[in-house]
Amino acid sequence: RCGCSMSGDKGDARPLGIFDSGMGGLTVMRAVRRALPQERIIYLGDTARLPYGTKSADTVTRYALQAAEHLMARDVKAILVACNTASANALPALARAFDPLPIIGVVEPGAEAAVAATRSGNIAVIATEGTVRGGAYRAAIHARMPHAKVTEIACPLFVALAEEGLTQGEIVRLVASRYLDPVFGAGDARPDTLVLGCTHFPVLAEAIQQAAGKDVTLVDSAETAATDLARVLAARGLLSKGPAQSPQFLATDAAARFARIGQLFLFAPINEDQVTLVDLSA
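My aim in this report is to walk through the structure given alongside it, one point at a time.

Conventions and cut-offs
- Along each chain, numbering runs from 1 in the same order as the chain's sequence is written.
- For this predicted model, a pLDDT threshold of at least 70 governs which residues receive local features, and a threshold of 80 or more governs which side-chain atom pairs are given and counted, while totals over whole chains, interfaces and linings are taken from all residues.
- Water and hydrogen atoms were dropped before computing side-chain values, which therefore reflect all heavy atoms in the structure.
- Strand pairing follows a simple DSSP-based rule, namely that at least 2 bridges must link the two strands.
- By the criteria applied, helices consist of DSSP H or I runs no shorter than four residues and strands consist of E runs no shorter than two, each listed in order from the N terminus.
- Each axis is a line fitted through C-alpha atoms, taken for helices only over the stretch in contact, and angles between the N-to-C directions span 0 to 180 degrees.
- In this description, contact between two residues means that some pair of their heavy atoms is separated by no more than 4.5 Å.
- We define a nonpolar core as any set of buried Ala, Val, Leu, Ile, Met, Phe, Trp, Tyr and Cys residues linked to one another through side-chain atoms lying within 4.5 Å.
- Categorising residues by exposure relies on relative accessible area from a 1.4 Å probe, with only protein chains included: less than 20% of the type maximum marks a residue as buried, more than 50% marks it as exposed, and the intermediate range marks it as partly exposed.

**Things to note about the sheet that holds strand E7 (residues 193-196)**
- Taken together, four strands build an open sheet; the order of strands is E6-E5-E7-E8 and the sheet is parallel. With one partner strand each, in any of the chains shown, strand E6 (149-154) and strand E8 (217-220) form the two edges of the open sheet. Between one strand axis and the next, the sheet turns through 25° on average, direction left out of account.
- Contacts from helix H6 (residues 136-144) reach strand E5 (122-127), E6 and E7, with the element oriented near 160° to E6.

Below, the structure written as structure tokens:
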């Protein structure tokens, strides 16, 4: 399945594929664009079927395989799974189905960043129900720091708030306090590191930081995942050497809404005519 399209001194000019259940993965895309500005990116948001976090592992895996298959048909040279729930549940199936295509998730880089950041070994992870249920972050952190104390908190309302563009204000602060106060109350057992275990959560970072406490280090796996992707591409000789490229956006529903809300995650304008609707179930 290589489909290599090397072109002289331009390196491997094929695009990178990034997919998520919705717009949250645009926070990862933003980090990838900073780390690899010369790469062309195809971003796929499965907006018709979000959120993935409340679905069963089997359903998430099926959706992830369909998304990856669609990106493969567009001749991508690597896929970054910019969805913690899909990374936690579907990565082994994706690796088997599309070997030898590089498939990179966000859970392992996030765990690595958390272990590097913590001083006490007391780490909290906020994520979707599906990510917490699968225990992927706990396993990945313990693989690197066996003695770590890991507290996982399902925060499904954060996804809904982010997808609605509600990133600040009283509602967000109240929801953040409701989720985090029981874990970050006074006492020596407070975590000193908090992993944002969903790509939707960085846009809520201000309220999350306020609820957790200013002494708590927030870990966003986007930057670490982008670094991991760059390392894999370099090791496999897949880096593009061409000029910066404009991204391509795909969505499975509501192109106008994707453009309107998506720019809050990307920190850059997205026009509706830049978003192409696709059907993954066809």
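Next, the rest of the story.
**A look at the nonpolar core**
- With 59 residues, the main nonpolar core has Leu-26, Val-32, Ile-126, Phe-158 and Leu-180 as its most contacted residues.
- At seven residues, helix H10 (residues 221-235) tops the list of elements feeding residues into this core.
- Grouped together as the second largest cluster of nonpolar side chains are 24 residues, Leu-44, Val-81, Cys-83 and Val-278 included.

**Overview of the pairing of E5**
- The buried fraction of E5 amounts to six of the six residues, a majority that puts the element mostly inside the structure.
- Alternating residues of E5 divide into Asn-122, Ala-124 and Ile-126 and Ile-123, Val-125 and Ala-127, and every residue in both groups is buried.
- Bridge count for E5 against E6 is six bridges, and the pairing is parallel. Looking at E6, one finds that Asn-122 is bridged to Lys-149.
- Where E5 lies against E7, four bridges are found, and the strand directions are parallel. By the bridge assignment, Ile-126 is partnered in E7 with Leu-196.

**Looking at the environment of Gly-135**
- Topologically, Gly-135 is positioned in the loop between helix H5 (129-134) and H6.
- Each C-alpha atom, one on Gly-135 and one on Asn-89, is 9.6 Å from the other, the two residues being 46 residues apart in sequence.

**A few points about the pairing of E8**
- Direction of pairing for E7 relative to E8: parallel, over a ladder of four bridges. In the sheet register, Thr-193 faces E8, and the bridge partner there is Thr-217.

**Thoughts on unusual backbone geometry**
- Each neighbour pair has its own omega, and for Leu-50 with Pro-51 the value is 0°, a cis peptide bond.
- Mapped onto the elements of the fold, Pro-51 is located in the loop between strand E2 (41-45) and helix H2 (57-73).
- Omega for the peptide link from Asp-99 to Pro-100 comes to 10°, which places this bond in the cis form.
- Along the chain, Pro-100 turns up in the loop between helix H3 (84-98) and strand E4 (103-104).
- At Ala-254, a residue that is not glycine, the phi angle is positive and equals roughly 55°.
- The residue Ala-254 is located in the loop between strand E9 (248-251) and helix H11 (255-266) in this model.
- Even without a glycine there, the phi angle at Phe-267 is positive, about 60°.
- Judged by its relative accessible area of 60%, Phe-267 is exposed.

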